[in-house]
Amino acid sequence: MTLALHERFARSASAHPDRIAVADPARGSSIRYAELDRFADRLAGRLARLGVGAGERVGVVAPKSIPAVGAILATLKAGAAYVPVDATAPARRGTEILTDCGVRAVVAERSLAPALEEAWGRELPLQPLGESADLGVELVLLECEGGDPAPVEGLAYILYTSGSTGKPKGVVHTHASAACFVDWCVDTFQPRPDDRFSSHAPFHFDLSILDLYVPLSSGASVVLVGEEEGKNPLKLAPLIAGSGITVWYSTPSVLRLLVEHGGLERHDVADLRLVLFAGEVFQPSHLRRLQEAWPGRDTWNLYGPTETNVCTAYEVVGGVPPDRADPYPIGKAITGDATLVLGADDRPVAAGNEGELVVHGGTVMVGYWNRPDLDARAFHAGADARRWYRTGDVVREDDAGDYVFLGRRDRMIKRRGYRVELGEIEAALYRHPGVREAAVVAAPGADGVRVDAYVCVRNGEPASTIAMKRFCAENLPLYMVPDRFQFLDDLPKTSTDKIDYVRLAALGG
Amino acid sequence: MPPASADEIRGTVREYLLTEFLPGEDPAALTDQTPLITGGILDSIASVKLVSHLEELYGVRFDAHEVSVDYLDTIDLVVDTIQRKLGG
């Protein structure tokens, strides 16, 4: 039988009670397995006294920290699912998510509680969690009304991702779907108790599943990279060297920042043995520069939307040839998953032909939280009656049987490694009282993808890029704020009176 | 090279911000107190680009902790930071 995520941690805690489970170099603190286990047990007890149990949801709104990891483990130990929310994004987006999935409780950093209550529109019963302050961040427990327990066996976490209509959607995973991926990682990367895994991605980002549960299943250490350090290449390289990280996992965007601005040559990363990246395409020229700075490390490209965890993987063997311009493939299906490429008629295409990648198997989500309409579109019912998740990614199988990523079928892009639905940015722009019409287009830019917004303002409203950027920063995470704004009298339309995105894209140059 | 005055630095920073991150914006709308990071004009990558540009131009070095809201959130703050580094 599959062990639940917290049971894997508990097994490590009894085998390696004195090893460091989580280190937080930014705050100069760390915690041993036995201590973290006790912290999580006590918090799980408090959650249980609030009525939190199987199928319930608990929000976690806190910066990357040891207490935040404790809150996640405590939620799982209480039998519930955790819903991590971006503590740096506007509070309104957070409360939309927490009310959407009907959390029974929220574990939040104390300083964030007032903004959450304001966005919620009322005061919530609050309990201080005093011992968390000794571990770097003071948490409080907020009691909420909650919703009905979800009828999903082994519900473990819900990760919200950008939704095309402006409303984030909750991707529901179970202990089994996470464990299938974690088991593959353990088999493939052979983690040892003396490994130190980076935890660069925020907990609401799916890369965190590997960051947390592969080391915690193996008696290894999680090295937290704080939000500030994570974005600052000048701080990252000394952190990787100084904390002896052996396994690094992040988006290519972060690795590219490190290569270009991190001063990698000044820092000795002798302990590093494995470099993993996922979330977007890594340009070979940047990967080659990374290999020059960090030679001889095993390097893997992992692929998978939040809905499937990681579902395919590719090992980059040897150095990147200087003349290589094509990005590396996303690889083959991992153990436990099956993949197919469907043509426009939803029938499998022969190898070498383009089509949409669909995935069936152990790592695939249960579905979206309370959105049967989205589930109906997201899954393809195969001739064999199996459910195949439609990734929306267009791929082609190469001669070696590896998938090559070619592009998207829809309006989702990757920016700074994050998944962004252009429709969500448009929906935010439409919330501005001065905006009559708005459309957003992605274009290749000097730093990856550039986002151009086209806006028609109402009569008398000022057309100001600064004002629009500020409005977006107040309503969206920073990685969704458009790079450029152009103000038009009217948006170009097609013959059927729809916004003509092709003509808009041509305006961007 | 004669030491740069506050006004010269201000002019350089303004021009860089307007060209790189605010194309098409009315220059008068960008004030010395306009919030840059908290106002969504500079994200993490844009902040690093601004710092690299200033380092090259003025021959100064930013410490890692200075690539942050406390040192870069307004033109006034940026000018102060550079002047301090130039010993002005």
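Everything numeric here is computed off the predicted structure, so don't read it as measured data. (Residues numbered from 1 in each chain as written. Chains lettered and ligands numbered in written order. Predicted model: local features only at pLDDT ≥ 70, side-chain atom pairs only at ≥ 80, totals over all residues.)

## With respect to the nonpolar core
Residue and element names in this part refer to chain A.
Right, on to step 1. The biggest cluster of nonpolar side chains holds 161 residues, and the ones touching the most others in it are Val58, Val60, Val83 and Ala108.
Right, on to step 2. Residues from two domains meet in this core; each of domain 1 (5-174) and domain 2 (336-408) gives at least three.
Right, on to step 3. Discounting chain neighbours no more than four positions away, the residues touching alanine 108 are Val61, Ala62, Ala113, Leu116, Leu139, Val140 and Leu142.
Right, on to step 4. Among the nonpolar cores identified, the runner-up in size contains 27 residues, and Val420, Ala438, Val457 and Phe485 belong to it. (Core = buried A, V, L, I, M, F, W, Y, C linked by C-beta atoms within 7 Å. Buried ≥ 20, exposed ≤ 12 C-beta atoms within 10 Å, placed from the backbone. Domains from an automatic or database assignment. Contact = placed C-beta atoms within 7 Å.)

## Regarding the environment of Pro84(A)
All names here are of chain A.
Right, on to step 1. Note that proline 84 resides in strand S4 (residues 81-84).
Right, on to step 2. In sequence terms proline 84 and arginine 436 are 352 residues apart; their C-alpha atoms lie 34 Å from each other.
Right, on to step 3. For proline 84, the contacting residues outside a window of four places in its chain are Val60, Phe203 and His204. (Helix = DSSP H or I, 4+ residues; strand = E, 2+ residues; numbered from the N terminus.)

## Some remarks on the domain arrangement of chain A
All names here are of chain A.
Right, on to step 1. Here chain A is described as being made up of domain 1 (5-174), domain 2 (336-408) and domain 3 (420-508).
Right, on to step 2. Summarising the inter-unit geometry, the C-alpha centres of domain 1 and domain 3 are found 35 Å apart.
Right, on to step 3. The residue inventory of the side of domain 1 that touches domain 3, partitioned by class, reads two nonpolar, five polar and one charged. (Nonpolar A, V, L, I, M, F, W, Y, C, P; charged D, E, K, R; others polar.)

## Details of the confidence of the model for chain B
Right, on to step 1. Per-residue pLDDT for chain B has a mean of 91; in total, 95% of the residues score no lower than 70.
Right, on to step 2. We note a pTM of 0.87 for the whole complex and an ipTM of 0.89 for its interfaces. (pLDDT = per-residue confidence, 0-100.)

## A closer look at helix H1 (residues 6-21) of chain B
In an α-helix, one turn spans 3.6 residues; hence positions three or four apart end up facing the same way.
Residues and elements named next belong to chain B.
Right, on to step 1. Helix length check: H1, at 16 residues, gives a terminal C-alpha distance of 22 Å against a target of 22 Å (1.5 Å per residue), a fit within 8%.
Right, on to step 2. Those residues of H1 lying buried are Ile9, Val13, Leu17 and Phe21. Along the long axis of H1, the arc covered by the buried residues comes to 65 degrees, so they all point the same way. Within H1, the exposed residues directed more than 90 degrees away from the buried face are Asp7, Glu8, Glu15 and Thr19.
Right, on to step 3. Elements that come into contact with the buried residues of H1 comprise helix H2 (44-58) and helix H4 (75-85). (Expected span 1.5 Å × (residues − 1). Arc of directions from axis to C-beta.)

## Concerning unusual backbone geometry
All names here are of chain A.
Right, on to step 1. For asparagine 309, which is not a glycine, the phi torsion comes out positive at approximately 55 degrees.
Right, on to step 2. Checked against the element boundaries, asparagine 309 lands in the loop between strand S14 (298-303) and strand S15 (312-316).
Right, on to step 3. The backbone phi angle of arginine 416 is positive, close to 55 degrees, even though this residue is not glycine.
Right, on to step 4. Owing to 22 C-beta atoms within 10 Å, arginine 416 belongs among the buried residues under this scheme.

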